[in-house]
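Summary of the model geometry
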Amino acid sequence: MPLLPILRFPDPRLKIVAAAVENIDHTIRRLARDMAETMYEAPGIGLAATQVDVHKRLVVIDVSETRDQLLVLINPKLLESQGVQVCEEGCLSVPGIYDKVERAESVVVGYLDLDGKAQTIAADGMLAVCLQHEIEHLDGHVFVEHLSLLKQTRIKSKLLKQSRITA
Ligand code: K2U
Ligand code: ZN
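Source: prediction; values computed, not measured.

1. With respect to unusual backbone geometry
Residue Pro10 follows Phe9 across a cis peptide bond; omega there is 5°. Positionally, Pro10 belongs in the segment before helix 1 (26–41). In this chain, Ala42 is followed by Pro43 through a cis amide linkage whose omega measures -10°. For Asp53, which is not glycine, the phi dihedral falls at a positive 65°.

So this is what it looks like as structure tokens:
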């Protein structure tokens, strides 16, 4: 299964708003499989299709210690959010950058599973953070947008310099 290349901030394609998945066919199932493979290899605890330059509303998440509890969410939608928590976040599209972000403490997310069945998940802690982080990717946003403009400018120039060196 191919590992998929991950777009790096500030690639403008990370700003594209993903389209709803209309038909859960073999291409979506293969994409979910390849995204999961890419996420486990990175390693990460989540990955949105936007990050692999596929602009469809699909995310994969696994926050388990044992790395064997994969969640595939199609057309995920934040239905409820409650409370506030601050958590250190990273992003596979912003390598080497970690910073604190304020998010809802608990969420309820509605989505379709790979069988096309409507599901809801109630989450708190790191799973709630990851769900919000990934849904934000599908809406064309990266977590660094929660940081100060000064920090964003510094991160942009650091990553652009890195991409020139490795190009
Ligand atoms: O979207 C991504 O790039 C996935 C992030 C998921 C994440 C969301 C919120 C908070 C932390 C991570 C990657 O997994 S970043 C790598 C990582 C893994 C575990 C903990 C922190 C960062
Ligand atoms: Zn991310």
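2. Quick notes on the pairing of strand 6 (residues 106–112)
Counted residue by residue, strand 6 has five buried out of seven residues, so it is predominantly covered. Pairing of strand 3 (residues 71–82) with strand 6 involves six bridges; the strand directions are antiparallel. Residue pairing in the sheet places Gln82 in a bridge with Ser106 of strand 6. Strand direction decides the pairing type here: strand 6 and strand 7 (residues 118–124), joined by seven bridges, are antiparallel. What sits directly across from Ser106, in strand 7, is Asp124. Linking strand 6 back to strand 7 in an antiparallel pair, the connection comprises five residues, with Gly116 at a positive phi of about 80°.

3. Observations concerning a nonpolar patch on the surface
Nonpolar side chains collect at one region of the surface, where Ile45, Val63 and Met126 lie side by side and expose about 210 Å² of accessible area between them. Tracing the chain through its elements places Val63 in the loop between strand 2 (58–61) and strand 3.

4. Things to note about the side chain of Arg103
Of note, Arg103 is situated in strand 5 (residues 99–103). Here Arg103 falls in the buried class, since its relative accessible area comes to 6%. A polar contact of 3.2 Å, which involves the side chain of Arg103, links it to the side chain of Glu136. What Arg103 contacts, discounting residues up to four positions off in sequence, is Gly83, Val84, Gln85, Glu89, Val129, Gln132, His133, Glu136, Phe143 and His146.

5. Observations concerning the state of the cysteines
Here the structure, examined in full by the defined rule, presents zero disulfides. Sulfur of Cys87: no disulfide; nearest cysteine sulfur belongs to Cys130 and is 9.5 Å away.

6. A closer look at the pattern of salt bridges
Note on pairing: side chains with opposite charge can pair once their charged atoms come close. Following the criterion strictly, the structure yields seven salt bridges and no others. Between Arg57 and Asp139 there is a salt bridge, with its nearest N and O atoms 2.7 Å apart. Here Asp139 lies in the loop between helix 2 (125–138) and helix 3 (149–166) and Arg57 lies in the loop between strand 1 (46–48) and strand 2, a separation of 82 residues in the sequence. When its relative accessible area of 31% is taken as the criterion, Asp139 is described as partly exposed. Each of Asp11, Arg13 and Asp53 takes part in salt bridges that share partners, so that together they form one network.

7. As for the nonpolar core
Grouped together as the largest cluster of nonpolar side chains are 17 residues, with contacts concentrated most on Ile61, Leu73, Val107, Val109, Ile121 and Leu131. Secondary structure elements with two or more residues in this core: strand 2, strand 6, strand 7 and helix 2. Of the residues forming this core, the biggest block, six residues, is contributed by helix 2. Setting aside its immediate chain neighbours within four residues, Leu131 contacts Ile61, Leu73, Val107, Val109, Ile121 and Ala123. In this structure, Leu4, Met35, Val72 and Ile74 belong to the second largest nonpolar core, which totals 15 residues.

Rules behind the numbers
Residues numbered from 1 in each chain as written. Chains lettered and ligands numbered in written order. Predicted model: local features only at pLDDT ≥ 70, side-chain atom pairs only at ≥ 80, totals over all residues. Heavy atoms only, no water. Helix = DSSP H or I, 4+ residues; strand = E, 2+ residues; numbered from the N terminus. Buried < 20%, exposed > 50% of the residue type's maximum accessible area, 1.4 Å probe, protein only. Pairing = 2+ DSSP bridges. Patch = residues over 30% accessible without salt bridge, like charges linked within 9 Å, V, L, I, M, F, W, Y side chains within 5 Å. Areas by Shrake-Rupley, 256 points an atom, 1.4 Å probe, with all protein chains shown as cover. Salt bridge = Lys/Arg side-chain N within 4 Å of Asp/Glu carboxyl O. Polar contact = N/O pair within 3.5 Å; in protein donor to acceptor, adjacent residues only side chain to side chain. Contact = heavy atoms within 4.5 Å. Disulfide = S-S within 2.5 Å. Core = buried A, V, L, I, M, F, W, Y, C linked by side-chain atoms within 4.5 Å.

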